[in-house]
Amino acid sequence: MILSETPLDRQFAACMRRFDPAMEPCVEWAARLASHAVGEGHVCLDLRTWAGREVSPSLRLPSLPAWKQSLFSSPVVGKPGEFKPLIVEGDWLYLARYWRYEKKVAENLLAKAGEVCGEIDLVRLASDLDSLFAHNRDQCPDWQKAAAAIAVQRRFCVISGGPGTGKTTTVVRILAALQSQANGGLRIALAAPTGKAAARMQDSIRVQKHKLDLPAAIVNSIPESASTLHRLLGSKPDSVYFRHNRDNPLPVDVVVVDESSMIDLALLSKLLDALPSKARLIMLGDKDQLAAVEAGAVFGDLCAGRGLSAELMLRERKGRSPDGAACGAIRENVATNPDCAASGSIRATLQVAAVENEKCAFSPISDCIALLKHSHRFGSGSGIGELARRVNDAEDTDAALELLSEGGWSDIAWRAHFDDAALLEKMDAGYKDYFDKVDGGAGSEAMAAFNRFRVLAAHHAGPSSASSTNRAFEALIRERLRVPQYEHWYAGRPVIMMRNDYGLRVFNGDVGICLRVDGELRVCFEDGEGALRSIAPARLPEHEPVYAMTVHKSQGSEFDEAVLLLPETISPVLSRALVYTAITRAKSRAEIWGGQDILSAAIKNAPERSSGLKERLWG
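Residues numbered from 1 in each chain as written. Predicted model: local features only at pLDDT ≥ 70, side-chain atom pairs only at ≥ 80, totals over all residues. Heavy atoms only, no water.

Student: Please clarify how the pattern of salt bridges should be interpreted in this entry.
Tutor: One side chain can pair with another of opposite charge once the charged atoms of both are near each other. With the rule as written, the count across this model stands at 31 salt bridges. Of the charged contacts, one joins Glu 386 and Arg 389 as a salt bridge, the two residues approaching to 3.3 Å between their closest N and O atoms. Placement of the pair is Glu 386 and Arg 389 together in helix H18 (residues 383–391), with a separation of three residues, close to one helical turn. By relative accessible area, Arg 389 is classed as partly exposed at 43%. Via salt bridges that share partners, Asp 46, Arg 48, Lys 68 and Asp 91 belong to a single interconnected network. (Salt bridge = Lys/Arg side-chain N within 4 Å of Asp/Glu carboxyl O. Helix = DSSP H or I, 4+ residues; strand = E, 2+ residues; numbered from the N terminus. Buried < 20%, exposed > 50% of the residue type's maximum accessible area, 1.4 Å probe, protein only.)

Have a look at this one:
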């Protein structure tokens, strides 16, 4: 029996039965399981994992061949391309909508991956990239330059890297190189899945673009404003469809999407549909972070290979243009010295990168994937960086626990035993500077101080969750400030938005703090320029306190110090990606509060979402 089966799953199965009154029980259970799988983040149901299992005291599902035969005998189940509510392809059972999403995403991405931009001035490109990445001339291979060479010459590019690997630095230089090719005439859109991520993206790009030593016209042609993907596509009230689609494409030449690991399959499908055929798509993200809340792990599936195929380099070495692939296309226009550390040669950079990836499977997608591997933030002396690497090491899941147990790093700590009072004491110390700034009336300084510390919880509700921690700490603060019980707001109260309000320009994930403005309590948010704008508390959409937040909500944010709060019991939410995401939110110090068994179970748990996208892309 599915312990977490929802009423929606049962109602979906009942609906299917109305179309097929003679439906066999194993088919009805397949409908339930397929609906439940999507709710759990899977794109489809892997029939192999359920065949032969007991799902109720009175039913054991048949073997895989017998089960598939029963499924195909039902009028509600079809083969790929048939107009049926459920689709079986191979050993996967899809809800029809998600089968179409997956098929369209794969087709669109493979088409863009195989398309080369023949209009590129290769002489100018070689010169521009050597200049834009001169600061990396001592790196071999120069992964950032390799990413830029790919992105400029392809309609599609994925750039994945952990914190501090220079994704924003790279993409700003990519945009500069593209605008140099077009004399500043490209229409570029910047977007991210959440408002918080979009705001952080535009802040980073604003800082990076003004570091470029380029003509003012090129620098000024790089946009600074970013929006959510929903706003870019033109969301419609009470509809899953957008204003921009295949029949009404976006008026853009380039779309850059940050925090792409948060994009679900349905949203990517609609974005690809809305792109003009000749538009470029550049996706930035960290493949090791948590996947989207909704169905699919698209970014992880895209990065399943390792990029820059050996086949690409073989074609280049034979002296043939690799259909515009990054290295061979500028073969005759790079420095002659084969030592990339000395010359900064793009050709040599890409050769070294491809050799490292020789053992990966080849796909047209391969030559569109750039993995940034050099962290400028977490070097060899960083405990956070070393912990992140060990958490991701699938070969030795105990290595991270050993590192934490040693206690030899100043920027990481582990507290296996604690009580509620100790956690509140930690939070009180972490937010002391913040409340001092609130008392001083310095709004911008208060916002900066608040963003230096955060508790990140695995769970939203329940014991040791974001909600319970917020209640306990807020009670302590209210008592200290002597806030009357009937008063909901007080100076210093931080809140996180739970849904978008385009009229107020606040979005799901935005964080505001309550401050006294002209004698009245107002909730202040940072705008795109870093200044504060205030909104009356009564006008805010749904919100919650945010002294603590879930790890999922923290994606796209960074803090000087982050504390990961683990639950008291093992749960399906705990995973390697959750631990990695939490500790890499910290720039200066990361702490993990939770028992050894809980932490060990989390690191060892690396669940994969059922999806056929990886196979469609990589074969």
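On we go from here.
Student: How do you make sense of the side chain of Ser 382 when you look at a structure like this?
Tutor: For Ser 382, the position within the fold is in the loop between strand S12 (369–372) and H18. Of note is the side chain of Ser 382, whose polar atom sits 3.0 Å from the backbone nitrogen of Gly 385. (Polar contact = N/O pair within 3.5 Å; in protein donor to acceptor, adjacent residues only side chain to side chain.)

Student: What should I look at first to understand the side chain of Thr 550 in this one?
Tutor: In this structure, Thr 550 sits in strand S20 (residues 548–550). When its relative accessible area of 11% is taken as the criterion, Thr 550 is described as buried. Among all residues touching Thr 550, those that are not within four sequence positions of it are Ala 457, His 459, His 460 and Ala 466. (Contact = heavy atoms within 4.5 Å.)

Student: Before we go on, may I ask you to explain the nonpolar core in this structure?
Tutor: Inside soluble globular proteins, nonpolar side chains tend to come together where they are buried. In this structure, Trp 67 and Leu 86 are the most contacted members of the largest nonpolar core, which totals 76 residues. Looking at which domains feed residues into this core, each of domain 1 (7–95) and domain 2 (121–312) gives three or more. In contact with Leu 86, other than residues within four places in its own chain, are Phe 12, Met 16, Ala 31, Ala 34, Val 76, Val 77, Gly 78, Leu 93, Tyr 94 and Leu 95. If you look at the next biggest cluster of nonpolar residues, it comprises 61 residues, including Ala 388, Leu 404, Met 427 and Ala 449. (Core = buried A, V, L, I, M, F, W, Y, C linked by side-chain atoms within 4.5 Å. Domains from an automatic or database assignment.)

Student: For this particular structure, what's the right way to read the UniProt feature "binding site: ATP" (unreviewed entry) in the protein chain?
Tutor: The feature "binding site: ATP" (unreviewed entry), as given by UniProt, occupies Gly 161, Gly 162, Pro 163, Gly 164, Thr 165, Gly 166, Lys 167 and Thr 168 in the numbering adopted here. On the basis of relative accessible area, Gly 161 is assigned to the buried category, the value being 4%. Excluding its chain neighbours within four sequence positions, the residues that come into contact with Gly 161 are Lys 167, Gly 285, Asp 286 and Leu 372. Counting through the fold element by element, Pro 163 comes out in the loop between strand S7 (156–161) and helix H8 (167–181). In this structure, Pro 163 is in contact with Asp 286, Ser 375, Arg 377, Phe 378, Tyr 580, Thr 584 and Arg 585, ignoring residues within four places of it in sequence. (UniProt positions renumbered as here; feature names shortened; annotations may be inferred.)

Student: How do you make sense of the sheet that holds strand S22 (residues 586–593) when you look at a structure like this?
Tutor: Strand-to-strand pairing in sheets goes through backbone hydrogen bonds, with the strands running parallel or antiparallel. With respect to topology, five strands assemble into an open sheet ordered S13-S22-S21-S14-S20, the strand pairing being parallel. Single-partner strands in this sheet number two, and they are strand S13 (412–415) and S20. Put simply, the sheet's adjacent strands are angled 25° from each other on average, direction ignored. Relative to S20, strand S14 (residues 453–457) is paired through three bridges, and the arrangement is parallel. Directly across from Ala 457, in S20, lies its bridge partner Thr 550. (Pairing = 2+ DSSP bridges. Axes fitted to C-alpha atoms, helices over the stretch in contact; angles between N-to-C directions.)

Student: Explain the sheet that holds strand S19 (residues 543–545) to me, please; I cannot follow it from the model alone.
Tutor: With antiparallel pairing, the five strands of this open sheet are ordered in space as S18-S17-S16-S15-S19. Two strands in the sheet have a free side with no partner beyond their single neighbour: strand S18 (532–535) and S19. Each adjacent strand pair in this sheet contributes to an overall mean axis angle of 40°, direction not counted. Pairing geometry for strand S15 (residues 494–497) and S19, over three bridges, is antiparallel. Counted as the bridge partner of Met 497 is His 543 from S19.

Student: For this particular structure, what's the right way to read the environment of Arg 616?
Tutor: Along the chain, the position of Arg 616 falls in helix H27 (residues 613–618). According to the relative accessible area criterion, Arg 616 is partly exposed, its value standing at 23%. When the C-alpha positions of Arg 616 and Val 105 are compared, they lie 9.6 Å apart, and in sequence the two are 511 residues distant. Among all residues touching Arg 616, those that are not within four sequence positions of it are Glu 89, Tyr 94, Trp 99, Glu 102, Lys 103, Ala 106 and Leu 110.

Student: Sorry, what's going on with the confidence of the model for the protein chain here?
Tutor: Low-confidence regions, as indicated by low pLDDT, have predicted coordinates that should not be scrutinised in detail. Predicted confidence across the protein chain gives a mean pLDDT of 82, with 88% of residues reaching 70 or more. Helix H16 (residues 340–343) is the least confidently modelled element of the protein chain, averaging 35 in pLDDT, while S14 averages 94, the highest of any element. Throughout residues 309–346 the model reports pLDDT below 50, and contacts reaching past four residues in sequence, or to other chains, amount to 77 contacts. Between residues 348–360, whose pLDDT stays under 50, and residues either more than four places distant or in other chains, the model counts 34 contacts. (pLDDT = per-residue confidence, 0-100.)

Student: Any chance you could explain unusual backbone geometry here in plain terms?
Tutor: Where the residue is not glycine, phi is negative for most of them; where a peptide bond is considered, it is trans in most cases. The phi torsion at Arg 482 lies on the positive side, around 55°, for a residue other than glycine. Positionally, Arg 482 belongs in the loop between helix H23 (466–481) and S15. For Arg 482, a relative accessible area of 76% puts it in the exposed group. We note that Asp 518 has phi near 50°; this positive angle belongs to a residue other than glycine. Turning to its location among the elements, Asp 518 is positioned in the loop between strand S16 (511–517) and strand S17 (520–526). Judged by relative accessible area, which is 79%, Asp 518 ranks as exposed.

Student: Sorry if this is basic, but what is going on with H18 here?
Tutor: An α-helical segment advances 3.6 residues per turn. Residues three or four places apart therefore align on the same side. Gly 383, Ile 384, Gly 385, Leu 387, Ala 388 and Val 391 are the residues of H18 that are buried. Between a side-chain oxygen at the N-terminus of H18 and the backbone nitrogen of Ile 384 the separation is 3.3 Å; the capping residue is Ser 382.

Student: Please explain the packing of aromatic side chains as it appears in this structure.
Tutor: Overall, the coordinates contain eleven aromatic pairs when judged by the stated rule. Centre to centre, the rings of Phe 473 and Tyr 547 are 4.8 Å apart; their planes meet at 75°, and the pair counts as edge-to-face. In this pair, Phe 473 sits in helix H23 while Tyr 547 sits in the loop between S19 and S20, placing the two residues 74 residues apart along the sequence. For the pair Phe 473 and Tyr 547, a shared accessibility class is recorded, and that class is buried. (Phe/Tyr/Trp six-rings, centres within 6.5 Å; stacked < 30°, edge-to-face > 60°.)

Student: Any chance you could explain the pairing of S17 here in plain terms?
Tutor: When a strand is regular, its side chains alternate between the sheet's two faces. As paired strands, S16 and S17 are joined by five bridges and run antiparallel to one another. Pairing of Leu 515 across the sheet is with Arg 522, part of S17. From the end of S16 to the start of S17, which pair antiparallel, there are two residues, and Asp 518 there has a positive phi angle of about 50°. Across four bridges, S17 lies against S18 in antiparallel orientation. From the neighbouring strand, Phe 525 faces S18, where its bridge partner is Arg 533.

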